[in-house]
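# Descriptive analysis of the structure
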Amino acid sequence: MRKFLIVLAFASVSLSSMAQEDPTQKFSVATNSFWSNWFIQVGGEWSAWYSNEEHGSNLGHSPIEKFRSGPTAAVAIGKWFTPGIGLRTKVQGIWGKTVAYGDDDNLGNFNKYWIANEQVLLNFSNMLCGYNPKRTWNFIPFFGGAIGRSMTNNTYATGLSAGILNEFRLSRKVALNFELGWNYMSEDMDGIANGGNASFRGWESRDNNVYAELGLTFNLGKATWDKTPDVDAIKALYQNQIDALNAQLDDANAEIARLNKLIRDHKCPEAPAAAPAPVKEFVATPVNVFFNIGKSNIASQKDLVNVKGIAKYAKDNNLNVKVDGYADSATGKSDFNQKLSEKRAETVANELVKMGVSRDKISCAGHGGTNELSPVSFNRRATVQVAE
């Protein structure tokens, strides 16, 4: 029997590995809310019983022997708390078989039963290779505790469970399951109360139920995980903007010092037209406003601090403002990216209106998906500047 289980396990891994072809890049994720990543599973099983009462009977050990096996059903509900760790409650059963040594009248008789399991799921594919929302196959070992009842004989039993769940992605909401499992139950589970010999050890000391299951998983609500923001990249971008503003401020201070020197020397030009130029250059520099992937609402209100400066300058000088929206070409189709970039530009334009800029002074344009900046998240933006 042990050799058979080992062969089944290796066959499962080999078959699943052949189905695993996924070039999508993995990425880190953030923990979702409690109501995300729930699932329901339903399936049909072929299960076999190995009773502690059959010790020494030399009965056939194949799990397809008629006197020890038959069809059953299963249903489960669970939740993934991270891409690698989840819990599920599973109920399985209906009909089992009674297998007893020296009792031909009971050998192979139906035993109506159910087993309820509380199990920990470990998604090794996500734990070892990183979360990938488009992965074709997930390899998921599980283990847990069980309680069961023989309804035919009104007996109860407790035990342990373990197995391997292979999940093949059909769509974002549905997956095909192939599961191999083992329920290691106390000696009353097969319907023969207080049977067997307590001196037996290991496998033969308990009632064992092994099964193979084919079924479906239905993901409820949000079935994916949010990507963790690249905080270091965002900080680097803001630092670059601060450095650029500091450089412009230094230029403005240098110009002010030059003009002060002209005044002290009584050589101030009659028409100091050049004085406002550094200020105009300062506000004409494009300001970036960033967005999350696939979204048209502003990721951080801090981005609007510099936009307020442009809005004030445009109002004071009756100037036009230009807003350009972008999306990253690495995600989404071109028509979706075009609409998304237009929505992002319109979002920023609405913020300018709230700041007092007349709507007829604002021009908006969407440029679709681009890959001008690195990392790719920098392309999810809108730029604001005083129009030439």
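Note that the structure is predicted; figures quoted are calculated from it, not measured.

## Brief notes about the sheet that holds strand β2 (residues 69–80)
One closed barrel accounts for eight strands, arranged β1-β2-β3-β4-β5-β6-β7-β8; its pairing is antiparallel. In this sheet, neighbouring strand axes are inclined to one another by 25° on average, regardless of whether the strands run parallel or antiparallel. Relative to strand β5 (residues 137–150), strand β4 (residues 110–122) runs antiparallel, the two being bridged by nine bridges. Looking at β5, one finds that Val-120 is bridged to Phe-143.

## Observations concerning the packing of aromatic side chains
If you walk through the whole model with that rule in mind, you get nine aromatic pairs. Between Trp-49 and Tyr-113, the ring centres sit 5.1 Å apart and the planes meet at 90°, which makes this aromatic pair edge-to-face. Placement of the pair is Trp-49 in strand β1 (residues 38–50) and Tyr-113 in strand β4, with a sequence separation of 64 residues. Comparing Trp-49 with Tyr-113, the two get one shared label, buried. Plain terms: the ring middles of Phe-290 and Phe-378 are 6.3 Å apart, the flat faces sit at 55° to each other, and that makes the pair tilted. Separated by 88 residues along the polypeptide, Phe-290 in strand β9 (residues 287–290) and Phe-378 in the loop between β11 (362–370) and β12 (381–386) bring together distant segments of the chain. Residue Phe-290 shares its accessibility class with Phe-378, and that shared class is buried.

## What to know about the nonpolar core
The nonpolar side chains of a soluble globular protein tend to be buried with one another. Ranked by internal contacts, the top residues of the largest apolar core, which has 22 residues, are Val-307, Val-321, Val-348, Leu-352 and Val-384. Take this core: its biggest share by element is six residues, from helix α5 (residues 304–317). Look past the residues within four positions of Val-348 in its chain and what remains in contact with it is Val-289, Phe-291, Val-323, Ala-382 and Val-384. Listed in part, the nine residues of the second largest apolar core include Trp-80, Ile-140, Leu-165 and Trp-225.

Thresholds, definitions, all that
- Residues numbered from 1 in each chain as written.
- Predicted model: local features only at pLDDT ≥ 70, side-chain atom pairs only at ≥ 80, totals over all residues.
- Heavy atoms only, no water.
- Pairing = 2+ DSSP bridges.
- Helix = DSSP H or I, 4+ residues; strand = E, 2+ residues; numbered from the N terminus.
- Axes fitted to C-alpha atoms, helices over the stretch in contact; angles between N-to-C directions.
- Phe/Tyr/Trp six-rings, centres within 6.5 Å; stacked < 30°, edge-to-face > 60°.
- Buried < 20%, exposed > 50% of the residue type's maximum accessible area, 1.4 Å probe, protein only.
- Core = buried A, V, L, I, M, F, W, Y, C linked by side-chain atoms within 4.5 Å.
- Contact = heavy atoms within 4.5 Å.

By themselves these figures say nothing about function.
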